[in-house]
Amino acid sequence: MSRKIIIDTDPGQDDAVAILLALASPEELEVLGIVAVAGNVGLHQNATNARKIVELAGRPEVPVYAGCSRPLRRALVTAEHVHGETGLNGPDLPAPSVPLQAQHGVDYIIDTLMGAEPGTITLCTLGPLTNIAMALIKQPAIAGRIAEIVMMGGAYFEVGNITPTAEFNIYVDPEGADVVLRCGAPITMLPLDVTHQIQSTPERLAAMLAIGNNSATAAHAMLTFSETFDLAKYGWAGAPLHDPTVIAWLLRPELFTGRQCNVAVETASELTVGMTVADYWHVTGRDRNVNYLRNGDAEGFYALLLDRLARLP
Ligand code: BDR
Ligand code: CA
């Protein structure tokens, strides 16, 4: 039986590859809907990008919603310096013809969870946690109905990427992340500690291009664009690939290892705001609220990604 998921996202080239991976895996994952959030670029551009991706994957029936246009308490910080001015620079994708859904994305999340059997819907978050936090604030009863929240966000051993101590998704809306981390639903985190191990080396990108279908060719163009910034920054063999690890964990959890521990987010300090403090060694008695993943198998991950991209149009 396939697992029902909602993808909350700010696409973003790596978000787009995550969405493609999910849509390429219908035997395991039923994508109920995609909700855009402000993050890599503004809300409406992110929603447009999500609509382009469902069309690229040949799945125009998957509904796309727009959620919140800014974080709970702060001005929006965006990342055009990584993703380009459209958030999805690289491939030349046509303007989407599928409509944006009229319902607000936060209401869609609430209504979907409240209308389903408790424990049957997983939230996959690939961007700032604003929409999920707003949904939890508007309808707290959803917390007990979420099967699991699987998020790309945070870092502990690798510390930060947008500041020395904060990962982008958490940094953009630390108060939103705080609401989500305290909500009581099961949470799995894919932090930079994992995603910095999942590198898009030239060999892996060449294998993606060699698949030859439209989706893999576009994914290759996306990652080739977004890796320019990261390669200059890190000097590694390949740029880290973040958001698709969320979907890979749902498909192949054995590719990842970590442990259950407390994770809290810094919301007060100017110096370290957005830092995710993981009690990985259990030195406090704090509630072990997160399945904190620390390592990922890059070879296994890419084998999975390439196999699934090959199934798309
Ligand atoms: C995260 O930040 C975004 O720019 C990426 O899409 C990913 O979700 C990595 O820190
Ligand atoms: Ca993202």
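Just above, that's the structure.
Engineer: Teacher, can you tell me more about the coordination of the calcium ion (ligand 2) here?
Structural biologist: Six octahedral donors at a metal ideally form angles of 90 or 180 degrees, and four tetrahedral donors ideally form angles of 109.5 degrees. For the calcium ion (ligand 2), the protein coordination sphere consists of Asp10 (OD), Asp15 (OD), Asp15 (OD), Leu126 (O) and Asp243 (OD), at 2.2 to 2.5 Å. Mapped onto the polypeptide sequence, the residues donating to the calcium ion (ligand 2) form the spacing pattern D-x4-D-x110-L-x116-D. In this pair, Asp10 is assigned in the loop between strand E1 (3-9) and helix H1 (13-23) and Asp243 in the loop between strand E8 (239-240) and helix H11 (244-251), connecting sequence segments 233 residues apart. Of the two residues examined, Asp10 and Asp243, each falls in the buried class.

Engineer: Got a minute to help me understand the packing of aromatic side chains in this structure?
Structural biologist: The geometry of an aromatic ring pair is captured by the separation of the ring centres together with the interplanar angle, meaning the angle of the planes. By the definition in use, this model includes 8 aromatic pairs. Between Tyr65 and Tyr108, the ring centres sit 3.9 Å apart and the planes meet at 15 degrees, which makes this aromatic pair stacked. Highlighted residues: Tyr65 in strand E3 (residues 64-66) and Tyr108 in helix H4 (residues 105-114), separated in sequence by 43 residues. Like Tyr108, Tyr65 is buried. Measuring from ring centre to ring centre gives 5.3 Å for Tyr156 and Phe157, while their planes differ by 85 degrees; the resulting arrangement is edge-to-face. Here the aromatic cluster, defined as three or more aromatic residues joined through ring pairs, consists of Tyr156, Phe157, Tyr280, Trp281 and Tyr292. Positioned above the aromatic ring of Phe157 is the side chain of Arg294, whose terminal nitrogen or guanidinium carbon lies 3.6 Å from the ring centre. Stacked on the ring of Tyr280, the Lys or Arg Arg294 has its end atom at 5.3 Å from the ring centre.

Engineer: Would you mind showing me how to read the layout of surface pockets here?
Structural biologist: Empty space among the atoms becomes apparent when a probe as large as a water molecule is rolled across them. Put simply, the largest pocket is a space of about 380 Å³. Lining the largest pocket we find 29 residues, and of these Val82, His83, Asn161, Asp230 and His242 sit closest to its centre. When contributions to the lining of the largest pocket are tallied by element, the ones reaching two or more residues are H1, helix H3 (80-83), helix H6 (168-172), helix H10 (214-234) and E8. A total of 7 residues in the lining of the largest pocket trace back to one element, the largest contributor, which is H10.

Engineer: I would appreciate a short explanation of the pairing of strand E2 (residues 29-36) in the present structure.
Structural biologist: Residues in a regular strand point their side chains to alternate faces of the sheet. The buried fraction of E2 amounts to 6 of the 8 residues, a majority that puts the element mostly inside the structure. For E1 and E2, the ladder comprises 7 bridges, and the chain directions are parallel. By the bridge assignment for E2, Lys4 is matched with Glu30. For the crossover from E1 across H1 to E2, the handedness is right-handed. In terms of strand pairing, E2 meets E3 through 3 bridges, oriented parallel. Bridge pairing links Ala36 to Ala66 in E3. Read as a crossover between parallel neighbours, the route from E2 over helix H2 (residues 43-56) to E3 is right-handed.

The rules behind each value
Residues numbered from 1 in each chain as written. Chains lettered and ligands numbered in written order. Predicted model: local features only at pLDDT ≥ 70, side-chain atom pairs only at ≥ 80, totals over all residues. Heavy atoms only, no water. Donors = N, O, S within 2.8 Å, 3.2 Å for Na, K, Ca; no water. Helix = DSSP H or I, 4+ residues; strand = E, 2+ residues; numbered from the N terminus. Buried < 20%, exposed > 50% of the residue type's maximum accessible area, 1.4 Å probe, protein only. Phe/Tyr/Trp six-rings, centres within 6.5 Å; stacked < 30°, edge-to-face > 60°. Lys NZ or Arg CZ within 6 Å of the ring centre and 35° of its normal. 1 Å grid on protein atoms, 1.4 Å probe; cavity = no way out; pocket = protein on both sides within 12 Å on 5 of 7 lines; lining within 4 Å. Points joined across faces, edges and corners; volume = space filled by probe spheres on them. Pairing = 2+ DSSP bridges. Right-handed = clockwise from strand over helix to strand, strands pointing away.

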